[in-house]
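# Topology and contacts: notes
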Amino acid sequence: MWRNKVPTKVKCFSWLVARRACSTHEKLKRRGFYIASWCSLCNETEETNNHLFLHCKVTTQLWNLCLGLTHTKWIMPGHTADLLSCWISRGGRKSKKKWWSIIPSCIWWCIWKERNSRCYDNKANSIEKVKWNCLTTFYFWCKEEGIEETAQILDFIGTL
Ligand SMILES: [Zn+2]
């Protein structure tokens, strides 16, 4: 994951997500802030790191979208750190799919941007737009990486 061409700030952000250290309501509460926490994506439960980045129904749609690209069956683990270790071992060296390692960072980054847009700018994109942003971000990072299957990803985006 650290060797791909995802922007450095996104790699650092992913590291924070895996360590449950990015500034979600959960972290702010741990630091003693009083917050009426609510997930701004689904409005159904409080915002925890694992909910926001793994289990929220909005985030789940992004995971399903990316797993659909690869026809991968996947059981979502409970924690972001477990996701990364499962993800890396599942991608493995055998498959040599460089783009596999890009997916978690891409989803987490897009979810965080959408969450901040809703929290601070009062602007909510539709789920279609969130998916679109995720796939186009994924496409551009794959292109940076010089990944051969990039055209397939573009075809897939074209079918949406
Ligand atoms: Zn949610």
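We now turn to the structure provided with this report. Sequence order as written defines the numbering, with residues in each chain counted from 1. The predicted nature of this model means local features are confined to residues of pLDDT at least 70 and side-chain atom pairs, given and counted, to a pLDDT of 80 or more, with totals for whole chains, interfaces and linings taken over all residues. Computation of side-chain values: all heavy atoms of the structure, hydrogens and water removed.

### A short note on the packing of helix H6 (residues 103-120) against helix H7 (residues 127-145)
The line we're drawing: The axes are straight lines fitted to the C-alpha atoms, using for helices just the contacting stretch, and the angles between their N-to-C directions are given from 0 to 180°. Helix and strand assignments follow DSSP, with helices taken as H or I runs no shorter than four residues and strands as E runs no shorter than two, numbered in order from the N terminus. What sets the label is the angle itself: under 35 degrees gives roughly parallel, over 145 gives roughly antiparallel, 65 to 115 gives roughly perpendicular, and the rest give oblique. A crossing counts as left-handed when the near helix is turned anticlockwise from the far one by less than a right angle, and as right-handed when that turn is clockwise. By the convention used here, residues are in contact when the closest approach between their heavy atoms is within 4.5 Å.
At a minimum axis separation of 9 Å, H6 and H7 run at an interaxial angle of 140 degrees. When the interaxial angle is binned, H6 and H7 end up oblique. Handedness of the crossing formed by H6 with H7: right-handed. Across the interface between the two elements, Ile103, Ser105, Cys106, Ile107, Trp109, Cys110 and Glu114 from H6 touch Val130, Asn133, Cys134, Thr137, Phe138 and Trp141 from H7.

### Comments concerning the coordination of the zinc ion
Each pair of donors in an ideal octahedron of six around a metal sits at 90 or 180 degrees, and each pair in an ideal tetrahedron of four sits at 109.5 degrees. Operational definition: The rule for donors is simple: N, O or S, within 2.8 Å of the metal, or within 3.2 Å if the metal is Na, K or Ca. Water isn't counted, so a site may look like it is missing partners. Under the classification used here, a metal with four donors is tetrahedral if each angle lies between 85 and 135 degrees, square planar if opposite donors are over 155 degrees apart and the others between 65 and 115, a six-donor metal meeting that same test is octahedral, and anything else is irregular. Exposure classes here rest on a 1.4 Å probe applied to the protein chains alone. A residue is buried below 20% of its type maximum, exposed above 50%, and partly exposed in between.
Here the zinc ion is held by the protein donor atoms Cys39 (SG), Cys42 (SG), His51 (NE2) and Cys56 (SG), which lie 2.1 to 2.3 Å from it. Considering all four donor atoms around the zinc ion, angles at the metal cover 104 to 114 degrees and the coordination shape is tetrahedral. Along the chain, the residues that donate to the zinc ion are spaced as C-x2-C-x8-H-x4-C. A relative accessible area of 11% places Cys42 in the buried class.

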